[in-house]
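Listed below, chain by chain, are the residues.
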Amino acid sequence: MRRHPWIFAGSVAKLSGRAKPGDTVEVVSDAGKVLGRAAWSPESQIRARMWTFDADTPIDHAFFKRSIAAAVARRASHPYLRGQQGVRLIHGESDGLPGIIADRYRETVVLQLTAAGAERWREAIVTGLMQATACGNIYERSDSEVRALEGLAPRAGVLAGEMPDADLAIEEYGVVLGVDAVGGHKTGFYLDQRENRRLTRELAAGRSVLNCFCYTGGFSLQALAGGARDVLSIDSSAPALLAAQRNLARNPSLDAARAEWRDADVFTALRELKTAGRRFDLIVLDPPKFAPSAAHAQRAARAYKDINLLGFRLLNPGGILMTYSCSGGIGQELFQSIVAGAASDAGRDVQILHRLAAAPDHPIGLAFPEGEYLKGLVCCVQ
């Protein structure tokens, strides 16, 4: 048994008795051996999600109290995460808690429940989080589209304490960044890119920087903090750009004169920059999820190749491209192949300096490769 946490519909031979969505079921092999306990989800192609591979472990309030406390303790013991004001506390299957995402921003926890089992144990999860973190404010952002696949309606609102502060912000490696826990992407911020933003800061000194799909400007502000000569940030969302400029204002030590914000379609803007003869020393490409599943990989590959091709063409000799994919349907090997094809078409000789992934509070279960959604390359153009 490989201890993968998902059981697909085609792997279920039969269901003995009746089970409602979210109920705990005993998973039994063809040979009659009990393999563990899982959450039942009759509406989803992932028919069951494993809570435990121990046949003797009951799934009750005590289980969630222990599991949540252990996940929080692992973060508290990691040297990169100590003192961080924004941390992912629970990362779903990779923490043995499928369908549960919990991010802490200062004294507010934002919770996202995406599976029937997690929905079934909502009360136990909230109690476990309050006990493990001593945070009084827990806000729910269970508004992800994947809930529909589980037959669940979207939910959002206060679960404990008060509404998140409209001016909620965290400090990340010396830069203050706002968190929109109520209306922002994901749970309000992209915590998974924390260490990659820090690397951008280290690489930016004296360079002309282009940040594409900049959202609220995390990479841009770290580049400015690292001594970038100038930073051009592009996004097609006017509200995101306004939030980015508010973030810049939160950091008065940063030179706002070095920052330019452009509301535009990134693909179009990159072509316009090439036509205008603009060149950069450091380019960040952090696009949205082009391929949510493997079925979308072929179409997504064209989009990834297009932006990387344009990126390579806009780099000065010796320039650096930091390029990412957060698409679960695009694996590391395929992503590197796409970027290599873009470099070849651009006529550039390129070296990989670093391979990048999500921050350590987003662990990857060894038996759960699907958890490795974020991948990145730092490429140097000769």
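To be clear, the structure that these remarks concern was listed above.
Everything numeric here is computed off the predicted structure, so don't read it as measured data. (Residues numbered from 1 in each chain as written. Predicted model: local features only at pLDDT ≥ 70, side-chain atom pairs only at ≥ 80, totals over all residues. Heavy atoms only, no water.)

Participant: Quick question: what am I supposed to make of the overall build of the protein chain here?
Facilitator: Along the backbone of the protein chain there are ten helices and 18 strands. Its C-alpha radius of gyration of 22 Å places the protein chain within 12% of the 21 Å reference for a compact globule of 382 residues. The proportion of buried residues among the 382 residues of the protein chain is 52%. Long-range contacts, defined here as pairs at least 24 residues apart, represent 64% of the contacts in the protein chain between residues at least 6 apart. For the protein chain, the accessible area works out to roughly 17,000 Å², and carbon and sulfur atoms hold 50% of it. Here the protein chain contributes 45 positively and 42 negatively charged side chains, and the mean placements of these two sets differ by 3 Å. (Helix = DSSP H or I, 4+ residues; strand = E, 2+ residues; numbered from the N terminus. Rg over C-alpha atoms; globule rule 2.2 N^0.38 Å. Buried < 20%, exposed > 50% of the residue type's maximum accessible area, 1.4 Å probe, protein only. Contact = heavy atoms within 4.5 Å. Areas by Shrake-Rupley, 256 points an atom, 1.4 Å probe, with all protein chains shown as cover. Lys, Arg positive; Asp, Glu negative; His and termini not counted. Charge placed at Lys NZ, Arg CZ, Asp CG, Glu CD.)

Participant: Can you help me understand the nonpolar core in this one?
Facilitator: Note on soluble globular proteins: their nonpolar side chains tend to be buried together. Judged by nonpolar contacts, the single largest core of 37 residues is most densely connected at Tyr105, Trp261 and Met322. Residue assignment for this core shows that the elements contributing at least two residues are β11 (175–178), α5 (194–203), α6 (218–225), α7 (238–249), β14 (259–263), β15 (280–285) and β16 (315–325). Here this core takes four residues from α6, the largest share from any one element. With residues up to four places along the chain from it excluded, the contact list for Met322 reads Asn196, Leu199, Thr200, Leu203, Leu282, Ile283, Val284, Leu285, Leu356, Leu377 and Val378. In this structure, Phe267, Leu273, Tyr304 and Leu314 belong to the second largest nonpolar core, which totals 36 residues. (Core = buried A, V, L, I, M, F, W, Y, C linked by side-chain atoms within 4.5 Å.)

Participant: Any chance you could explain the sheet that holds strand β13 (residues 230–235) here in plain terms?
Facilitator: Adjacent strands of a sheet pair through backbone hydrogen bonds, lying either parallel or antiparallel. Taken together, the seven strands give an open sheet; going across it, the order is β14-β13-β12-β15-β16-β18-β17, and neighbouring strands pair in mixed fashion. Across the chains shown, the open sheet's two edge strands, defined by having one partner strand only, are β14 and β17 (350–357). The average angle at which neighbouring strand axes cross in this sheet is 15°, direction not considered. The pairing of β15 with β16 spans five bridges and is parallel. (Pairing = 2+ DSSP bridges. Axes fitted to C-alpha atoms, helices over the stretch in contact; angles between N-to-C directions.)

Participant: How do you make sense of the pairing of strand β5 (residues 86–91) when you look at a structure like this?
Facilitator: Regular strands place side chains that alternate from one sheet face to the opposite one. Most of β5 sits inside the fold, with six of its six residues counted as buried. Relative to strand β6 (residues 100–105), β5 runs antiparallel, the two being bridged by five bridges. Pairing of Gly86 across the sheet is with Tyr105, part of β6.

Participant: How should the packing of aromatic side chains be read in this particular structure?
Facilitator: Working definition: an aromatic ring pair is given by the centre-to-centre distance plus the angle between the planes. For the structure shown, the criterion picks out ten aromatic pairs. Relative to Phe63, the ring of Trp51 has its centre 6.2 Å away and its plane inclined at 70°; by these criteria the two rings are edge-to-face. Within this pair, whereas Trp51 is found in strand β4 (residues 46–52), its partner Phe63 is found in helix α1 (residues 61–77), the two being separated by twelve residues in sequence. Taking relative accessible area as the criterion, Trp51 reaches 6% and is therefore assigned buried. Assessed through its relative accessible area of 5%, Phe63 is described here as buried. When the centroid spacing of 5.4 Å and the interplanar angle of 90° are considered together, the rings of Tyr190 and Tyr215 count as edge-to-face. Here Tyr215 lies in the loop between β12 (208–212) and α6 and Tyr190 lies in the loop between β11 and α5, a separation of 25 residues in the sequence. Accessibility expressed as a relative area gives 27% for Tyr190, which makes it partly exposed. (Phe/Tyr/Trp six-rings, centres within 6.5 Å; stacked < 30°, edge-to-face > 60°.)

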